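Here are the chains, one letter per residue:
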Amino acid sequence: MVHVFHVTDLNGKKLTDESVISYIEQSLETTYPDRSHGFNGLTALELTGTDRVGLLSEVFAVLADLQCSVVDAKIWTHNGRIASLIYVKDCNSGSPIEDSQHIDRIIARLRNVLKGDNDTPSAKTSVSLAVTHTERRLHQMMFADRDYERKPTLQHRAESAAVTVQNWVKRSYSVVNVQCKDRNKLLFDIVCTLTDMQYVVFHATINTAGDKAYLEFCIKHIDGTPISSEAEKQRVILCLQAAIERRASKGVRLELCISDRQGLLAEVTRTFRENSLNVTRAEISTRRDMALNVFYVTDAIGNQADPKIIESIRQKIGLGNLKVQELPLIYHQNAESEEQAVGVGGAVLSSLGSLVRRNLYNLGLSKSFS
């Protein structure tokens, strides 16, 4: 079995950092890498519901009021739905929240926020006991919420990925082809979704050219049978398109770096709400006493946010604390076509699912596989 990965950093440059290369090697040699160490001593809250402007402001206000300190969180939105995994601790003791009555109060109040006026059936709040990969879990939550069946509520919508499914009768495979804009963690998103849908990847070829990605997967059900109906084909197409779109960057990227304090997230997201900005994706983290947060924001209907409003918010929060950041240059603009051709030939990826589940997707690498 041979796997060949051609990878670059996020700016399309050759990897030269020996510590990163060493970490990749160690990760690929580990069947079940330890992902739990970063979240030990924290309580994980899972939330799904209908997205709306100001929802995160209300969520973080409730957590602050209940003396919960947010240590880490990821929030995704797609087709009018929101899923978030929030890691908290008691702000007074710094310990995980284990008191059952306190947990019940947190769940009840968050559920009331999520369901709003008319979302009682689909609003879900729970405490997760099992440690899992955060982004993998977000995919599972949105898949269970059936976001792929819903129509987008916001006006702005990126071009959908082109996905086709055909059966290869002679080999008893179903062949899935995906063409879309390339980005970091694209392969992870697709393979996780196929795995969660109970498919096994037996063979795959992946290539990137410029800012485009071309992926082909030969898949079967776990019992060895191919896709059996047109309805199942359409479901695979919708689910893969949703998996690709969930992480796609929508809106202006704002990076907040500031001394952490209780209620900070509630204050920042309230400022967004008061200026009619919608948070389409967020990554919350803390390092010692510093809050390192990333927000993607649009206006209330999904259009590009007014630069004047962004600047006004920066003035309020602090120009040195909240910065507008461009997305990194993932691709070489002057890459030679011959160099790209080298990545197209070569070996195939067999049993891809068993390999991609490991740590490579955590390293912030772009990729070209063959």
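Look above for the structure.
The paragraphs below set out a description of the structure included in this document. A quick note: this is a predicted structure, and the numbers were derived from the prediction, not measured. (Residues numbered from 1 in each chain as written. Predicted model: local features only at pLDDT ≥ 70, side-chain atom pairs only at ≥ 80, totals over all residues. Heavy atoms only, no water.)

For the rest of this paragraph, the subject is the pattern of salt bridges. One pass over the structure, following the stated rule, counts 17 salt bridges. Glu135 serves as the salt-bridge partner of Arg247, at 3.0 Å between the closest nitrogen and oxygen. Pair noted here: Arg247 is in the loop between α6 (230-246) and β10 (252-259) and Glu135 is in helix α4 (residues 134-144), with a separation of 112 residues, a long-range link. Like Arg247, the residue Glu135 is buried in the burial classification. Where Glu274 meets Lys316, a salt bridge forms, and the shortest distance between an N and an O atom there is 3.6 Å. One end of the pair, Glu274, is in helix α7 (residues 264-274); the other, Lys316, is in helix α8 (residues 307-317), with 42 residues separating them in the sequence. Through salt bridges with shared partners, one network takes in Glu135, Arg183, Lys185, Asp189 and Arg247. (Salt bridge = Lys/Arg side-chain N within 4 Å of Asp/Glu carboxyl O. Helix = DSSP H or I, 4+ residues; strand = E, 2+ residues; numbered from the N terminus. Buried < 20%, exposed > 50% of the residue type's maximum accessible area, 1.4 Å probe, protein only.)

Here we come to the sheet that holds strand β2 (residues 43-50). Strand order in the open sheet formed by eight strands is β5-β2-β4-β3-β11-β12-β10-β13, with antiparallel pairing between adjacent strands. At either end of the open sheet lies a strand with only one pairing partner, and these are β5 (124-128) and β13 (322-325). Shown here is a sheet whose adjacent strand axes are inclined to one another by a mean of 20 degrees, direction ignored. The sheet contact formed by strand β3 (residues 68-78) and strand β4 (residues 81-90) spans ten bridges and is antiparallel. (Pairing = 2+ DSSP bridges. Axes fitted to C-alpha atoms, helices over the stretch in contact; angles between N-to-C directions.)

Summarising burial for helix α2 (residues 55-65): eight of the eleven residues are buried, a large majority. Of the positions making up α2, those classed as buried are Leu55, Leu56, Ser57, Val59, Phe60, Val62, Leu63 and Ala64. Summarising the contacts, the buried residues of α2 are in contact with β2, β3, β4, α3 (100-115), α7 and β11 (277-287). Phi for Gln67, located one or two positions after α2, is positive at around 65 degrees. (Contact = heavy atoms within 4.5 Å.)

Now for the side chain of Thr48. By the element assignment, Thr48 lies in strand β2. Taking the relative accessible area as the measure of exposure, Thr48 reaches 6% and is therefore buried. What Thr48 contacts, discounting residues up to four positions off in sequence, is Ile82, Ala83, Leu114, Ser122, Ala123, Lys124 and Met141.

This brings us to the environment of Gly49. Within the secondary structure layout, Gly49 lies in strand β2. Its relative accessible area of 0% is what places Gly49 among the buried residues. When the C-alpha positions of Gly49 and Ser84 are compared, they lie 9.4 Å apart, and in sequence the two are 35 residues distant.

Along the chain, Val175 falls in strand β7 (residues 173-181). The spacing of Val175 and Glu216 is 41 residues in sequence and 6.9 Å in space, taken between C-alpha atoms. Discounting residues that sit within four places of it in the chain, Val175 has contacts with Thr164, Val165, Gln166, Trp168, Glu216, Phe217 and Cys218.

Let us now look at unusual backbone geometry. With a phi angle near 50 degrees, Asn79 is a residue other than glycine that sits in the positive phi range. Even without being a glycine, Ser172 presents a positive backbone phi close to 60 degrees. Structurally, the position occupied by Ser172 is in the loop between β6 (162-168) and β7. You can call Ser172 partly exposed: its relative accessible area is 33%.

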